[in-house]
Amino acid sequence: MWDYSEKVMDHYRNPRNVGKIDDADAIGNAGSLTCGDQLKIYLKIKDGVVTDAKFQTFGCGSAVASSSILTEMIIGKTVEEVRKITNKDIADELGGLPPEKMHCSVMGYEALEDALKGYVDKDEIDTAYDEINKPKTEEKIICTCFGVTENLIWDAIKQNGLKTVEEVTNYTKAGGACGKCKSAIQDIIDTYYHKEKKDKAEEKSSLSPAQKILKISSIIDNKISPELQKDGGDITLVDIDGNSVFVKLRGRCSGCKNSTLTLKAFVESTLKDAVDKNIEVVEVN
Amino acid sequence: MSDKIIYLDNNATTRVDDKVLESMLPYLKEEYANPSSMYDFAKKSSDAIKEARVKVRDFVNAENEKEIIFTSCGSESANTGIRGVLGMHKDKRHIITTKVEHPCVLNVYKMLEKQGYKVDYIGVNSAGELDLEQLSEAINDDTALVSVMYANNETGVINPIEKISQIIKSKNQNTKFYVDAVQVAGKIPIDVQACGVDMLGISGHKFHAPKGVGVLYVNSKTIITPLIIGGHQERGKRAGTENVPYIVGIGTACERAQEFLRYEATEVKRLRDKLENGILKNIYNARLNTGVANRVPNTSNIGFEYVEGELILLHLSDKGICASSGSACTSGSLEPSHVLRAMNVPFTAIHGSIRFSLSKYTTEKDIDYVNSVMPGIIEKIRNLSPYQDELAELKRRKTL
């Protein structure tokens, strides 16, 4: 059972502004039938003000509630004001949504963005032509299962301060089906928080060669070796040459089929995290 | 929220039968002795377990009560049976199961795959029926285990267990056969000997015993390593002090279920059909997801095209009606049910699929009420849909 707020329940029980505007000035669409939720939003705009809004939604309770409250939020507002509305505003207005349902609010934001992307004021008609004639840049699709673009993921990270792939999935659905794009999502998160990471990396690689050797040796002795010993194995440091760390595996590890995996996944990632991201671990016999 | 509850989600769990509860109470109160103890005081609880074991033996028609192991739930039965039998046949690395198994079985195989087992997942047709030819072809000398559910929890479609057993044994005498029978217990008769199964799991709370007790049947020719290691209980196959009251409860539930099998096959089925026909007749965008497949008498899986399942459930809940959905939105996962996807239910209907599952407690009044409110609920949700043209076309075709 989802923990829906009173407001969410009120809006899916009694959705406001349902339907279609036949002579709409702007129409936005987000989601699809195959993905399990879809929102179409119709806007009537006069003198830069949204005078009417209607919606049609195929989706769950929170999708209907997000659509319904969105129409209430935008009627009477100027286009400029409406452009500033984010998914977070929609979720906040609903008194919050369960984390797994945040993507419903993102769908509202997406549909609104889509509607206003195509909308231009009559006065700006010339600039609009320029805009239309501009060569279109293909949007990069990250999640092919749900057709989620890089831009949408980027916006969701930015607007909601998302830090993990799971959070991105909750907000955008990306990575929620086959999961193949999870590493790509991680890359986007990493890129977004790149600066922070870069600073740290610089700090780490500023070690002198001697300091580096001491640090690697200490991490192997104090961190990696005790972990391997728990499983009846052990590791000995043989040599260090630049970023290549040569190790010997002893005990149960050496005969174990998973030894390469243990090396790659555990030893290397531990050293990469703690010392230098360019470190490579090589097993010697 | 309505005050009255109309419970049509009996494949999820069931109401505890009053007689079951009554039989359990002494063992929750004064008869608290550990059945393994030596004094006279323990005799009653020890005898109660023996009695329950005989009742379960008769319920599944096992040859001997020693073939019955009490567990804590259906998942434990599956885990113990599957992992236990593989533990005894470590040289064999091939397993066959189906794409539509319950997660409690499916996820065991996903894990075993990671441990190096080769697992074949057999598909189903659009009615949910298993591809027996594909199953037959998949069996080879290395096949340690075939695992097939007796009936599917979402669709109620029954697999021909006896026939599958014959196929397995004709291809490889040594291959073991595990049957997840959680969704048939209390709905159709179970006969492990006639069906030729090696292991079979059931769960108490699906047939009016409380949650927290299950059974694993392992025939005398099949040896398993225990999952829970400790004391000598359950002949060393499942350690842990016996859960006496619940074991007594599942024993009574088996007895009661046996008495009600005829009622299930006639009355429950009649009400299920009435519900189903009412919905299909009065709601133009409804379709029966299973078609003509052989099903347990209590289950109906209906897809409502161009509307979404969670929203249907929320509106049903407002009227006090409990059902469940294969929609992505209800599970917290983002994909619709793996069962409906394996059946290739059209994408227009898969997100709007609702499972109704009845029990002996379902009344004619309940069904009449659901049939009276269902068209209004679906109409309300249909009016929200961006697919008005498609819906109009569907209506036009249906009225032709």
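Residues numbered from 1 in each chain as written. Chains lettered and ligands numbered in written order. Predicted model: local features only at pLDDT ≥ 70, side-chain atom pairs only at ≥ 80, totals over all residues.

A.B. asks: Can you walk me through the overall build of chain B in this structure?
C.D. replies: For chain B, the count of helices and strands is 14 helices and 13 strands. Expected size for 400 residues packed as a compact globule is a radius of gyration near 21 Å; at 22 Å, chain B falls within 12% of this value. Burial statistics for chain B: of 400 residues in total, 52% are counted as buried. Excluding contacts between residues fewer than 6 apart, the proportion of contacts in chain B whose partners are at least 24 apart in sequence is 73%. (Helix = DSSP H or I, 4+ residues; strand = E, 2+ residues; numbered from the N terminus. Rg over C-alpha atoms; globule rule 2.2 N^0.38 Å. Buried ≥ 20, exposed ≤ 12 C-beta atoms within 10 Å, placed from the backbone. Contact = placed C-beta atoms within 7 Å.)

A.B. asks: Honestly, the overall build of chain A in this entry has me stumped. Any pointers?
C.D. replies: Of the regular secondary structure elements, chain A holds 13 helices and 8 strands. Each of the 285 residues in chain A was classed as buried or not, and the buried ones make up 34%.

A.B. asks: I would appreciate a short explanation of the domain arrangement of chain A in the present structure.
C.D. replies: Note: interface size is frequently given as the accessible area lost on complex formation between the parts. Residues and elements named next belong to chain A. Partitioning chain A into structural domains gives domain 1 (6-133), domain 2 (141-192) and domain 3 (205-283). In this assembly, 10 residues from domain 1 lie in contact with 9 residues from domain 2. Among the elements of the structure, α4 (87-93) and α5 (102-117) are those that each provide at least two residues to the side of domain 1 that touches domain 2. Per element, the largest residue contribution to the side of domain 1 that touches domain 2 is 4 residues, and it comes from α5. Across the side of domain 1 that touches domain 2, the residue classes break down as 4 nonpolar, 3 polar and 3 charged. (Domains from an automatic or database assignment. Nonpolar A, V, L, I, M, F, W, Y, C, P; charged D, E, K, R; others polar.)

A.B. asks: How do you make sense of the interface of chain B and chain A when you look at a structure like this?
C.D. replies: Listed by partner, the interface residues are 22 residues for chain B and 21 residues for chain A. Counting residues per element, the ones that place at least two in the side of chain B that touches chain A are α9 (309-318), α10 (328-331) and α12 (347-350) of chain B. The biggest single contributor to the side of chain B that touches chain A is α9(B), with 4 residues. Taken together, the residues that form the side of chain B that touches chain A break down as 12 nonpolar, 6 polar and 4 charged.

A.B. asks: Would you take a moment to explain helix α8 (residues 165-172) of chain A for this structure?
C.D. replies: Residues separated by three or four positions in an α-helix point in the same direction, a consequence of the helix having 3.6 residues per turn. Residues and elements named next belong to chain A. If you check which residues of α8 are buried, you get Val168, Thr169, Asn170, Tyr171 and Thr172. In this fold, the buried residues of α8 make contact with α5, β5 (148-149), α7 (150-160) and α9 (182-192). The first or second residue beyond α8 is lysine 173, which carries a positive phi of 75°.

A.B. asks: Before we go on, may I ask you to explain the sheet that holds strand β6 (residues 176-180) of chain B in this structure?
C.D. replies: Strand pairing in a sheet relies on backbone hydrogen bonds, with the paired strands running either antiparallel or parallel. All names here are of chain B. Strand order in the open sheet formed by 7 strands is β2-β8-β7-β6-β5-β3-β4, with mixed pairing between adjacent strands. The open sheet has two free edges, formed respectively by β2 (68-71) and β4 (118-122), since each of these has just one partner strand. Between one strand and the next, the sheet's axes are offset by a mean angle of 20°, whatever the strand orientation. Pairing geometry for β2 and strand β8 (residues 214-218), over 4 bridges, is antiparallel. (Pairing = 2+ DSSP bridges. Axes fitted to C-alpha atoms, helices over the stretch in contact; angles between N-to-C directions.)

A.B. asks: Explain the confidence of the model for chain A here, please?
C.D. replies: Do not read the fine detail of predicted coordinates wherever pLDDT is low. Looking at chain A as a whole, the pLDDT averages 84, with 83% of positions reaching at least 70. Predicted confidence in chain A is weakest over helix α12 (residues 252-255) of chain A, with a mean pLDDT of 51, and strongest over strand β3 (residues 49-58) of chain A, with 96. (pLDDT = per-residue confidence, 0-100.)

A.B. asks: Just to check I follow, could you spell out the pairing of strand β5 (residues 143-149) of chain B for this structure?
C.D. replies: Within a regular strand, side chains alternate between the sheet's two faces. Residues and elements named next belong to chain B. Of all 7 residues that make up β5, 7 are buried, and the element is covered over most of its length. Here strand β3 (residues 94-98) pairs with β5 via 3 bridges, running parallel. For histidine 94, the partnering residue across the bridge sits in β5 and is threonine 143. One ladder, built from 5 bridges, connects β5 with β6; its direction is parallel.

A.B. asks: Is there a simple way to explain unusual backbone geometry in this structure?
C.D. replies: With phi around 55°, Asn17(A) is a residue other than glycine that occupies positive phi space. Note that Asn17(A) resides in the loop between α1 (6-13) and β1 (26-32). Taking the C-beta count within 10 Å as the criterion, Asn17(A) has 19 such neighbours and is therefore assigned partly exposed. You will see that Asn344(B), though not glycine, has its phi angle at about 60°, which is positive. Positionally, Asn344(B) belongs in the loop between α11 (338-342) and α12.

A.B. asks: What's the story with the environment of Ser36(B) in this structure? I'm lost.
C.D. replies: All names here are of chain B. Examined against the element boundaries, serine 36 turns out to sit in the loop between α1 (18-28) and α2 (43-60). Take serine 36: there are 13 C-beta atoms within 10 Å of it, and that puts it in the partly exposed class. The sequence separation of serine 36 and methionine 343 amounts to 307 residues, and the corresponding C-alpha distance is 49 Å.

A.B. asks: Mind showing me how you'd approach the nonpolar core here?
C.D. replies: Nonpolar side chains tend to gather and get buried jointly when the protein is soluble and globular. Counting residues in hydrophobic clusters, the biggest one holds 159 residues, and the most contacted among them are Ile153(A), Tyr217(B) and Ile250(B). Of the residues forming this core, the biggest block, 12 residues, is contributed by helix α8 (residues 244-282) of chain B. Not counting the four nearest positions on each side in its chain, Tyr217(B) is found in contact with Val60(B), Ala62(B), Glu67(B), Ile68(B), Val192(B), Met199(B) and Leu200(B). Ranked by size, the runner-up nonpolar core spans 12 residues in total, among them Ile216(A), Leu228(A), Leu249(A) and Val275(A). (Core = buried A, V, L, I, M, F, W, Y, C linked by C-beta atoms within 7 Å.)

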